[in-house]
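# Per-entry structural report
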There are 2 protein chains.
Amino acid sequence: MSDPAFSLDPQLAADTVAVGELALSHLAAIDHGDYPWLVLVPRVAGAVEIADLGDDATRLMAEIVSVSRALKRVSRCDKINVGAIGNVVAQLHVHIVGRWHGDPAWPKPVWGTPIRKGEAAGFARLRHAIAAELELASIG
Amino acid sequence: MSDPAFSLDPQLAADTVAVGELALSHLAAIDHGDYPWLVLVPRVAGAVEIADLGDDATRLMAEIVSVSRALKRVSRCDKINVGAIGNVVAQLHVHIVGRWHGDPAWPKPVWGTPIRKGEAAGFARLRHAIAAELELASIG
């Protein structure tokens, strides 16, 4: 399923590395040394709010659930934070972030805090482990 | 549909005012003078992550969509922010917050910022308007 008019927002493209393609969404990761941080971007041109997806909202929820479970298994995090904010980049995207009790921002959300890049090998391991958990053809 | 073992977390009960009951979730509002702020709490005992809902995750998504649309119609906000965080209160709850370009926290998320209570009449109007939009028996 693909919307030929969809293209990934340039800011999202610059801020993330691709993990793979789900049925509805492009799955990407943000390189942050403190948190495993994934982003789902439904490939629906012009979508800004979740409500813009219509019937595809159900599919987005299924992908939020499967990505959350994969992230928990891979990272063994204590909590998953999910957010669809979009105040800076309008293109609809959903953050799925692994958190630990006592991590640097705990218990505050990580959105709006500065990004601290991690080491490249760890970030690549995360992307490949998530792709493997979700049985995606890894493109990262 | 009701889980007899469910009860609203005492902290959520203290921080919110009830708006009404949807098929899956208790709908409540947080009194903030700067933002119309709603909270959906699925009535599923023990749920912490969205993934804990199983098949009910689809129903939660339908309620996120209908509440988002109601909030946009009632508040005429520019953007909806949706978040399932739960780092402080573990009981699964989803924030649905109306935002405007140039509001006090824009473009940052509102979570983790101090709450500034608004005037009581405006808060009551919001709750009643949302209940009316969703055709709920208003309990606020």
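Remember, predicted model here, so these are calculated numbers, not experimental data.

## Re the pattern of salt bridges
- Enumeration over the complete set of coordinates arrives at 14 salt bridges over all chains.
- We note a salt bridge from Asp 34 of chain A to Arg 116 of chain A, for which the minimum N-O separation is 2.8 Å. Residue Asp 34 of chain A is located in the loop between β2 (25-30) and β3 (37-42), and its partner Arg 116 of chain A is located in the loop between β5 (94-99) and α3 (120-133); the two are separated by 82 residues in the primary sequence.
- In this structure, the salt-bridge partner of Glu 49 of chain A is Lys 79 of chain B, at a minimum N-O distance of 2.9 Å. Here Glu 49 of chain A, found in the loop between β3 and α2 (56-75), pairs with Lys 79 of chain B, found in strand β4 (residues 79-84), and the two come from separate chains. Considered together, Glu 49 of chain A and Lys 79 of chain B belong to a single accessibility category, that of buried residues.

## Points about unusual backbone geometry
- The linkage connecting Trp 106 of chain A with the following residue, Pro 107 of chain A, adopts the cis geometry, with an omega of 0°.
- Mapped onto the secondary structure, Pro 107 of chain A falls in the loop between β5 and α3.
- Positive phi outside glycine occurs at Arg 76 of chain B, with the angle close to 50°.
- Relative to the elements of secondary structure, Arg 76 of chain B occurs in the loop between α2 (56-75) and β4.

## A look at the interface of chain B and chain A
- Listed as interface residues are 30 residues of chain B and, on the opposing side, 30 residues of chain A.
- Taking both partners together, chain B and chain A bury about 2,600 Å²; carbon and sulfur atoms supply 60% of that area.
- Our enumeration of links across chain B and chain A arrives at four salt bridges.
- Two residues, Lys 72 of chain B and Glu 49 of chain A, come together in a salt bridge whose shortest N-O distance is 3.0 Å.
- Taken together, the connections running from chain B to chain A amount to 20 residue pairs in polar contact (both at pLDDT 80 or more).
- Contributions of two or more residues to the side of chain B that touches chain A are made by α2 and β4 of chain B.
- Taken together, the residues of the side of chain B that touches chain A sort by class into 17 nonpolar, six polar and seven charged.

## Description of the pairing of β4 of chain B
- Within β4 of chain B, six of the six residues are buried, leaving the element largely enclosed by the surrounding structure.
- Side chains Lys 79, Asn 81 and Gly 83 of chain B project from β4 of chain B onto one buried face, and the interleaved Ile 80, Val 82 and Ala 84 of chain B project onto a second face that is buried too.
- Relative to β4 of chain B, strand β4 (residues 79-84) of chain A runs antiparallel, the two being bridged by three bridges. Following the sheet pairing, Val 82 of chain A is matched in β4 of chain B by Ala 84 of chain B.

## Quick notes on the relation of the copies chain B and chain A
- Taken as rigid bodies, chain B and chain A are interconverted by a rotation of 180° and an axial shift of 0.0 Å, the fit giving an RMSD of 0.0 Å. Within this description, the copies of the chain are treated as partners about a two-fold rotation axis. Among all residues of chain B, the minimum C-alpha distance to the rotation axis is found for Gly 83 of chain B, at 2.1 Å.
- A share of 100% of interface residues in chain B that are also interface residues in chain A marks the association as one of identical surfaces.

So, how was this worked out
Residues numbered from 1 in each chain as written. Chains lettered and ligands numbered in written order. Predicted model: local features only at pLDDT ≥ 70, side-chain atom pairs only at ≥ 80, totals over all residues. Heavy atoms only, no water. Salt bridge = Lys/Arg side-chain N within 4 Å of Asp/Glu carboxyl O. Helix = DSSP H or I, 4+ residues; strand = E, 2+ residues; numbered from the N terminus. Buried < 20%, exposed > 50% of the residue type's maximum accessible area, 1.4 Å probe, protein only. Contact = heavy atoms within 4.5 Å. Buried area = accessible area lost by both parts, 1.4 Å probe. Polar contact = N/O pair within 3.5 Å; in protein donor to acceptor, adjacent residues only side chain to side chain. Nonpolar A, V, L, I, M, F, W, Y, C, P; charged D, E, K, R; others polar. Pairing = 2+ DSSP bridges. Least-squares fit on C-alpha atoms with pLDDT ≥ 70 in both.

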